[in-house]
Amino acid sequence: MLIQRAKEGRLERPIIHEKALDVLAHQIIGMLMQQRRMTIEEILRLVRRSYPFRDLEVGELEEAIHQLDELRLLRKFGDSYSPRNPKALQYYFENLSVIPDVQKYTVFDFFRKRRIGTLDQDFVARRCVAGVEFILHGQTWRVISVDEEKYHVEVEAAPPSLKAIPGWEGDMIPVQMDVASEVGRMRRTLGISGQAEDGLEDAERERVSSTLSLQGKQAKIPSDKLVLIEGFENSVIVHTCAGNLVNEALANAMAALFGSRLGSNIATQVDQYRFGLIFPRPVSAHMVAEEFRKLTPNDLESMIHETVEASDLFAWKHWHVLRRIGAVSRQAEYKARQARLLVDIFKNSIANKETRRELFTEKLDVEGAKKILAMVSSGEVSIDVIQDAGQCTPLALPLLDRIVPHGLLRPAIEEASIIDVVKSRLLSTKLRLLCMNCGEWDGIRTVDNLQDKVRCPKCRSTLIAATYLSDDALPKIILKKIRSAKLSSEEEKEWMTAWRSAGLLQTYGKKAGLVLAARGVGPTTATRILRNRSGGEDSLYLSILRAEREFERTRMFWD
């Protein structure tokens with residue numbers, strides 16, 4: 001499609017940033033450094049000679065100057081302004097580029113516990129949430145969790161997918177509305193006549209025909225004239241051939257609407273041909289369709305403007321705008337929580353206004369979304385709904401594959417392969433063993449070398465606690481307990497945890513050590529795994545794996 005458009009000379013519309021206030025602030029300091037002193041009239045006259053600032057208003061220029069004054073980057077002398085050196089000099093030369101400086105996140109294979117590469121911070125902050133797939137070193141990976149403190153991303157292998165995000169590309173080039181609409185028109189034509197237009201190779205035509213044929217057996221084919229709304233588990237996919245930016249705007253509005261109604265955050269996933277709403281519990285696709293029909297263009301616009309500041313993307317953009325106006329140091333590291341606080345602190349500044357301008361220029365096509373809603377309202381675009389079909393449609397799979405747990409669609413990798421990896425890792429893990437009877441034995445053993453009966457080599461007691469290698473506090477707590485010294489509430493808690501782990505080793509031996517060696521699995525979870533076993537050894541490893549994944553998924557919420 002894109003190749004054909006290029007041959008015909010139909011290129012995508014360029015996006016021109018007009019009146020970027022952070023760039024304006026930087027240029028004001030540059031002009032003052034060169035001229036030493038300038039009046040507002042002189043600055044305005046010079047700035048307006050640049051095409052993006054040709055319509056700059058005096059009030060907008062005054063806002064930028066006021067912000068620079070608050071940041072102590074310039075000073076006023078009568079009707080003139082001059083730079084405050086050396087601070088202004090440092091600010092100017094540290095911000096010569098509008099391309100943000102970003103940290104690197106290390107990517108770890110969750111199963112094999114090994115480093116596989118790095119990702120840019122902007123990619124992680126904006127794209128990497130649990131379930132998202134991306135490509136790194138030619139392999140498709142699915143995100144399990146993100147650690148902002150350690151700059152770590154835990155991932156698992158996923159099946160090859162043409163829909164996976166290229167990990168090296170931090171800012172994806174969006175498919176615009178007219179291009180996506182044309183793809184929708186081709187779907188409609190092929191669905192009606194069974195004949196594809198020229199421009200497709202034979203193999204491509206066959207693949208497209210096969211996919212649409214499968215789609216047609218389960219539901220109607222979404223196109224430029226039909227929006228298909230499909231419910232699957234706790235997700236609802238809205239098939240709209242409207243492009244990334246329009247779908248982003250529609251998804252934001254619908255998430256805000258249902259978030260307000262249900263009293264919870266509604267996650268979204270977007271691509272060029274559909275957007276997904278992820279609910280905390282199953283919601284009828286018919287309900288979503290009803291709200292989509294009732295949503296007016298004006299309601300959409302007001303909802304997006306009112307809620308955009310609460311988004312992660314706004315906080316990320318806002319952080320870098322603050323950097324470009326000198327409010328945040330170039331050495332400061334991005335943290336989501338601090339970024340959210342700064343959004344509130346600078347709520348009435350040019351940073352807020354500039355962030356909004358960038359988002360509505362680059363990321364959200366509100367006018368295109370309003371156009372889609374108007375066509376739905378007029379009947380030019382119809383809506384069809386599919387609910388409880390038992391399986392998702394082929395055209396929903398690319399998005400659902402990123403937001404629905406693996407077991408409901410397909411496994412990420414074969415179970416046998418997972419079991420082998422987990423087994424090898426756990427058996428080679430080292431545990432620190434402490435005798436809770438005499439308190440004199442402190443040893444390190446690999447799980448593979450544990451016996452079914454673990455005994456203290458000094459007193460022969462089987463009351464042996466298992467802990468992690470760097471736990472230097474527990475030996476002291478055990479000795480205090482043996483000597484009947486008073487323990488603090490925290491020490492008492494550690495003692496009870498150790499006591500429970502010792503009970504498990506006494507009862508289950510090596511199997512208990514195997515479970516306790518898992519990441520994030522303490523005695524309580526280990527007890528549940530060991531007691532609820534149904535099946536053989538493979539079942540045990542799969543239970544351990546599920547517990548590890550649950551820990552990794554919920555770790556960010558733990559105190």
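Before any of the text, the structure's been laid out above.
Conventions and cut-offs
Residues numbered from 1 in each chain as written. Predicted model: local features only at pLDDT ≥ 70, side-chain atom pairs only at ≥ 80, totals over all residues. Heavy atoms only, no water. Helix = DSSP H or I, 4+ residues; strand = E, 2+ residues; numbered from the N terminus. Areas by Shrake-Rupley, 256 points an atom, 1.4 Å probe, with all protein chains shown as cover. Axes fitted to C-alpha atoms, helices over the stretch in contact; angles between N-to-C directions. Parallel < 35°, antiparallel > 145°, perpendicular 65-115°, else oblique. Contact = heavy atoms within 4.5 Å. Nonpolar A, V, L, I, M, F, W, Y, C, P; charged D, E, K, R; others polar. Core = buried A, V, L, I, M, F, W, Y, C linked by side-chain atoms within 4.5 Å. Buried < 20%, exposed > 50% of the residue type's maximum accessible area, 1.4 Å probe, protein only. Pairing = 2+ DSSP bridges. Left-handed = near helix turned anticlockwise from the far one by under 90°. Arc of directions from axis to C-beta.

**Student:** What is the right way to look at the overall build of the protein in this model?
**Tutor:** Assigned secondary structure in the protein consists of 23 helices and 17 strands. In the structure as shown, the protein presents an accessible area of about 28,100 Å², 50% of it carried by carbon and sulfur atoms.

**Student:** Would you take a moment to explain the packing of helix α9 (residues 244–262) against helix α15 (residues 366–378) for this structure?
**Tutor:** The description of two helices packed together rests on the angle between their axes and the distance between the axes. α15 packs onto α9 with a crossing angle of 75 degrees between their chain directions and a minimal axis gap of 8 Å. Looking at the two axes, α9 sits roughly perpendicular to α15. Here Val246, Ala249 and Leu250 of α9 come into contact with α15, specifically with Val366, Gly368, Ala369, Ile372 and Leu373. Split into classes, the residues belonging to the contact of α9 with α15 amount to seven nonpolar, one polar and no charged.

**Student:** Quick question: what am I supposed to make of the environment of Glu41 here?
**Tutor:** Checked against the element boundaries, Glu41 lands in helix α3 (residues 40–47). The spacing of Glu41 and Leu61 is 20 residues in sequence and 9.9 Å in space, taken between C-alpha atoms.

**Student:** Any chance you could explain the nonpolar core here in plain terms?
**Tutor:** Note that soluble globular proteins tend to have their nonpolar side chains buried in a common cluster. Core analysis: the biggest nonpolar cluster contains 81 residues, and Ile28, Ile229, Val288 and Phe292 have the highest contact counts within it. If one sorts the elements of this core by residue count, α9 sits on top with nine residues. With 37 residues, the next largest nonpolar core counts Leu426, Cys435, Val454 and Leu504 among its residues.

**Student:** How should I be thinking about the sheet that holds strand β11 (residues 235–239) in this particular structure?
**Tutor:** Picture the strands of a sheet paired through backbone hydrogen bonds; they go either parallel or antiparallel. The sheet built from five strands is open, its strands ordered β12-β13-β11-β10-β14 with mixed pairing. Of all the strands in the sheet, the pair left with one neighbour each is β12 (267–270) and β14 (382–386). On average, each strand axis in the sheet is inclined to that of its neighbour by 15 degrees, with strand direction left out of account. Relative to β14, strand β10 (residues 226–232) is paired through five bridges, and the arrangement is parallel. Looking at the pairing, Glu230 lines up with Ile386 of β14.

**Student:** Would you explain the pairing of β11 in this entry?
**Tutor:** For a regular strand, side-chain orientation follows a simple rule: the groups alternate between the two sheet faces. Burial analysis of β11 places five of its five residues in the buried class, which makes it a mostly covered element. The two faces of β11 match: Ser235, Ile237 and His239 on one face and Val236 and Val238 on the other face are all buried. In this structure, the hairpin formed by β10 and β11 is closed by a connection of two residues, where Glu233 is found at a positive phi of approximately 55 degrees.

**Student:** What am I meant to see in the packing of α3 against helix α4 (residues 58–70) here?
**Tutor:** The geometry of α3 relative to α4 is characterised by a closest axis approach of 11 Å and an angle of 110 degrees between their N-to-C directions. When the axis of α3 is compared with that of α4, the two are roughly perpendicular. In this structure, α3 meets α4 at a crossing whose hand is right-handed. Contacts between α3 and α4 involve Ile40, Ile43 and Leu44 on the former and, on the latter, Val58, Leu61, Glu62 and Ile65. Here the residues of the contact of α3 with α4 are counted per class, giving six nonpolar, no polar and one charged.

**Student:** What am I meant to see in the sheet that holds strand β16 (residues 442–446) here?
**Tutor:** An order of β16-β15-β17 is seen for the three strands of this open sheet, with the pairing classed as antiparallel. Each end of this open sheet is capped by a strand with a single partner; those strands are β16 and β17 (464–467). On average, each strand axis in the sheet is inclined to that of its neighbour by 35 degrees, with strand direction left out of account. Two strands pair when backbone bridges link them, and strand β15 (residues 430–435) and β16 are joined in this way by five bridges, in the antiparallel orientation. Considered in β16, the bridge of Lys430 is made with Thr446. Along the sheet, helix α19 (residues 473–482) makes contact with β15, β16 and β17, crossing β15 at roughly 15 degrees.

**Student:** Help me understand α19, please; the structure alone is not making it clear to me.
**Tutor:** Structurally, the α-helix is built with 3.6 residues per turn, so residues lying three or four positions apart point the same way. Burial in α19 covers these residues: Leu474, Pro475, Ile477 and Ile478. Taken down its axis, α19 places every buried residue within 160 degrees of arc, on the same side. The elements touched by buried residues of α19 are β15, β16, β17 and α20 (489–508). The first or second residue beyond α19 is Ser484, which carries a positive phi of 65 degrees.

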